[in-house]
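# Observations on the three-dimensional arrangement
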Amino acid sequence: MDPALTQEQEAVRRALREALAKHCPPERIRTAAASPAGYDPELWRQLADRPGLPGLALPAEYGGAGLGPIELALACEETGRVLLPAPLLASSVLAAGALLAVADRAQRAELLPGLASGERTAALVLPHPLPDGAAAGGGRSGGVQARPGPGGGARWLLYGEAEPVLDGARADLLLVAAHTGGFPRSRTVLCLVAGDAPGLTRSRCAALDRTRAPARVELRDVPALPLGDPELDAGPALARTGLTAALAGAAEAVGAADRCLTSTVEYAQVRTQFGRPVGSFQAIKHLLADVHVAVESARSAVYYAAWALDGGVGDQDETAAAVLLALARALDGLHTAAAQAIQVHGGIAITWEHDAHLYFKRAVADQLLFGAPHRLRAPRPRTPGSSRPPARPAGAAAGGRRPGPNPWRYEMAVAAPRPPGSRQEAVIRKVSSSRAFALVAPRVLPRLDRGVHRLSGGRVMISQYLLPSLFLTSTGRSSGRPRVTPLACLPEPDGTLLVIGSNFGQTRHPAWTGNLLAAPEALVERQGRTLAVTARLLDGPEREQAWARLLRMWPPYAVYQARVERRLRIFRLTPLPEPLPPAERAAAAGQTAAGQTAAGQTAAEPTVAEQAAGAEQAAAGPAAEGPSGAGPNG
């Protein structure tokens, strides 16, 4: 990497700085941010005409300048310096990047020129905050759901809501990341929605930083046009778009931090105390030196991330790590610079007329939008097929997993599986089968489990060494959101799992049992492996046999059932067959067609349906024994 900028890059920075100094005085910025639209359309058109800001990083064939991530970072650094209230991040980075990554050539040719010229604006609707595009689309009932319209035409229907959506209340077009296909074949589809579509409700949200314009978007059977191939998952493409947005946000934070440092140094040189400038005092010098180090280190991290995103680093996981680390460093640098600017400016900095509070609000709001810096620095799972294995986090137990980016999944930090017949296993079985434990556990363990489970963010449970466990993700009947519930499970020889609705401490059935009755398909996670399953409520002799096996594993169930005087629900979870890859599916279809055309074909040859049934039986083999997990569900 060459840290020096080229003449073209210096020209981009200089031209944009001159244009912003000419057209964006602080008074105009405040007026535009306080307007109902949240920005000045005339100012946006001026910046689109001469510097070409909206289409700076878009390809030339679609009306853009054809520049790369480095020039985009330089431009965002200048816009962040003045806290420009404009749809640059929402329309020119997020929405345009999603179109480039997902839409086909005809759709790009129709939509991108308007965004590059600034005539139209767009917003990307994601169910989760940036830059985590990997979670785009929500869960089975979370975020926005998409289904084909009546008649099987090109139009789809969207239902759901999302918040916050940058510039969602004022954009001409909305690009909605919706979820479809259910759990077994779930995928994200990017859909185009007109700003005046029926059933669409948009409202601007109150925000700490008025130069941003977050909104709440509600869709009630809104007609939409899918972009690209709706049979393909748009999640990975949106994840790359999220990295570009993270780079732009980091560059804006660096520009704002540099402006805070510059104004603070200027004020320290003219503000006098005891007959001398306050900048001559050693305490102020040390403070400003620390701010200078924070700003310059953040700028270096952003430039390296831009170079990596421009293809300087071949490994995509290293590129993602560089971008997220740069964002974390930039957010920290802006917060430090804004806070120390208020400190050095003294009482004048907390007045409404001064600009210092605007930069501090931007620093706090960006951490709410992009995520706390310590979370951005957390190690993330590597992409499948990556060239290097993931680094093991310090202190992780054997068999543990690192926290993933999906907020709907609980991650467990558990010990290694106990070998069958070990001394530890014998002691645990002896303790759990004692009369004292049977009387105390139903009252004590669930409360401890719920408290520790909540405090640890779903990673630790007190009774995790007593029973093998799983995490069940079902759909809430009333809320419509995914519910993640830790359950005790009993693996069966045929690959199925038995779970029981114990719900210790309450006199009614737990909510997840009703969720399974309403929506039998669900997700379970055991030892880091996620499976799609279908649930069936047991009754009759099958239920009694399962009940006897569960009592041998967990005797307190009998005590609890006698206390509440009711039968507990028992479900059998059967894994669903995993869908065949497209290549194998096409090969299977070709073999079937060839077999049908062959002369003398008899019914003895398996059909495609029979092959699928055989694959289902193969997928329902013996389940791997998971680590010791959660005890009774709460």
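Residues numbered from 1 in each chain as written. Predicted model: local features only at pLDDT ≥ 70, side-chain atom pairs only at ≥ 80, totals over all residues. Heavy atoms only, no water.

## Considering the overall build of the chain
The helix and strand tally for the chain stands at 18 helices and 16 strands. For the chain, with 634 residues in total, the buried portion stands at 48%. Relative to all contacts within the chain whose residues are 6 or more apart in sequence, the contacts with residues 24 or more apart total 71%. As presented, the chain carries roughly 29600 Å² of accessible surface, and 56% of it is formed by carbon and sulfur atoms. (Helix = DSSP H or I, 4+ residues; strand = E, 2+ residues; numbered from the N terminus. Buried < 20%, exposed > 50% of the residue type's maximum accessible area, 1.4 Å probe, protein only. Contact = heavy atoms within 4.5 Å. Areas by Shrake-Rupley, 256 points an atom, 1.4 Å probe, with all protein chains shown as cover.)

## Observations regarding the side chain of Arg-13
Relative to the helices and strands, Arg-13 is located in helix H1 (residues 7-23). Those residues within four positions of Arg-13 in sequence are excluded, and the remaining contacts are Leu-5, Leu-74, Glu-77, Glu-78 and Tyr-303.

## Some thoughts on helix H6 (residues 105-117)
Quick reminder: α-helices carry 3.6 residues per turn. Residues three or four places apart thus point the same way. Compared with an ideal rise of 1.5 Å per residue, which puts 13 residues at 18 Å, H6 spans 18 Å between its outermost C-alpha atoms and is within 8% of the ideal. Along H6, the helix axis deviates most sharply at Leu-111, where the bend reaches about 30°; the proline Pro-113 sits within four residues downstream. Listed in full, the buried residues belonging to H6 are Gln-107, Arg-108, Leu-111, Leu-112, Gly-114, Leu-115 and Ala-116. Check the buried side of H6 and you find it contacts helix H5 (88-102), strand S1 (122-125), strand S4 (173-180), strand S5 (187-194) and strand S7 (214-226). (Expected span 1.5 Å × (residues − 1). Bend = angle between axes of the 7 residues up to and from the residue.)

## Quick word on the packing of helix H7 (residues 235-270) against helix H10 (residues 356-370)
The N-to-C vectors of H7 and H10 enclose an angle of 160°; their axes lie 11 Å apart at closest approach. Judged by the angle between their axes, H7 and H10 are roughly antiparallel. For the element pair H7 and H10, the recorded crossing hand is left-handed. Across the interface between the two elements, Ala-245, Ala-246, Gly-249, Glu-252, Ala-256, Arg-259 and Cys-260 of H7 pack against Tyr-359, Arg-362 and Phe-370 of H10. Each residue belonging to the contact of H7 with H10 can be placed in one class, and the counts come to six nonpolar, one polar and three charged. (Axes fitted to C-alpha atoms, helices over the stretch in contact; angles between N-to-C directions. Parallel < 35°, antiparallel > 145°, perpendicular 65-115°, else oblique. Left-handed = near helix turned anticlockwise from the far one by under 90°. Nonpolar A, V, L, I, M, F, W, Y, C, P; charged D, E, K, R; others polar.)

## Quick look at unusual backbone geometry
Looking along the chain, the bond that leaves Glu-163 and enters Pro-164 is cis, with omega of -5°. Examined against the element boundaries, Pro-164 turns out to sit in strand S3 (residues 156-166). Of note in the backbone geometry, Asp-221 takes a positive phi value of approximately 55° without being a glycine. Its place among the elements puts Asp-221 in strand S7.

## Here's the deal with the nonpolar core
Nonpolar side chains in soluble globular proteins tend to end up buried together. If you look at the biggest cluster of nonpolar residues, it comprises 95 residues, and the most contacted ones within it are Leu-53, Leu-84, Leu-99, Leu-175, Leu-190, Leu-227 and Val-302. Residues Ala-162, Val-193, Ala-197 and Leu-219 belong to the second largest nonpolar core, which totals 21 residues. (Core = buried A, V, L, I, M, F, W, Y, C linked by side-chain atoms within 4.5 Å.)

## Notes on H10
For H10, spanning 15 residues, the distance from its first C-alpha to its last is 22 Å, which sits close to the expected 21 Å at 1.5 Å a residue. Among the residues making up H10, those that are buried are Ala-356, His-357, Tyr-359, Arg-362, Ala-363, Ala-365, Asp-366, Leu-369 and Phe-370. Within two residues after H10, Gly-371 carries a phi angle of roughly 115°, on the positive side.

## Points about the pairing of S5
Of all eight residues in S5, seven are buried, a share of seventy percent or more. Two elements, S5 and S7, share two bridges in a ladder whose sense is antiparallel. Bridged to Cys-191 within S7 is Pro-226. (Pairing = 2+ DSSP bridges.)

## Section: the pattern of salt bridges
Within this structure, the stated rule accounts for 29 salt bridges. Each of Arg-13, Arg-17, Glu-77, Glu-78, Arg-81, Asp-258, Glu-296 and Arg-299 takes part in a single network of salt bridges with overlapping partners. (Salt bridge = Lys/Arg side-chain N within 4 Å of Asp/Glu carboxyl O.)

## A short note on the packing of helix H4 (residues 69-81) against helix H8 (residues 282-312)
For the pair H4 and H8, the least separation of the axes is 8 Å and the interaxial angle reads 145°. Residues Pro-69, Ile-70, Ala-73, Leu-74 and Glu-77 of H4 form the contact with H8, whose own contacting residues are Arg-299, Val-302, Tyr-303, Ala-306, Trp-307, Leu-309 and Asp-310. Among the residues forming the contact of H4 with H8, the class breakdown is nine nonpolar, no polar and three charged.

## So, the packing of aromatic side chains
By the definition in use, this model includes two aromatic pairs. A cation sits over an aromatic face here: Arg-220 above Tyr-159, 4.8 Å from the ring centre. We note Arg-543 situated over the ring of Trp-547; from NZ or CZ to the ring centre the distance is 5.2 Å. (Phe/Tyr/Trp six-rings, centres within 6.5 Å; stacked < 30°, edge-to-face > 60°. Lys NZ or Arg CZ within 6 Å of the ring centre and 35° of its normal.)

## Some words on the side chain of Ser-92
Residue position: Ser-92 is located in helix H5. From its side chain, Ser-92 meets the backbone oxygen of Pro-54 in a polar contact 3.1 Å long. The contacts of Ser-92, once residues within four sequence positions are left out, are Trp-44, Pro-54, Leu-58 and Pro-87. (Polar contact = N/O pair within 3.5 Å; in protein donor to acceptor, adjacent residues only side chain to side chain.)

Fair warning: the whole summary comes from geometry, so function is off the table for now.
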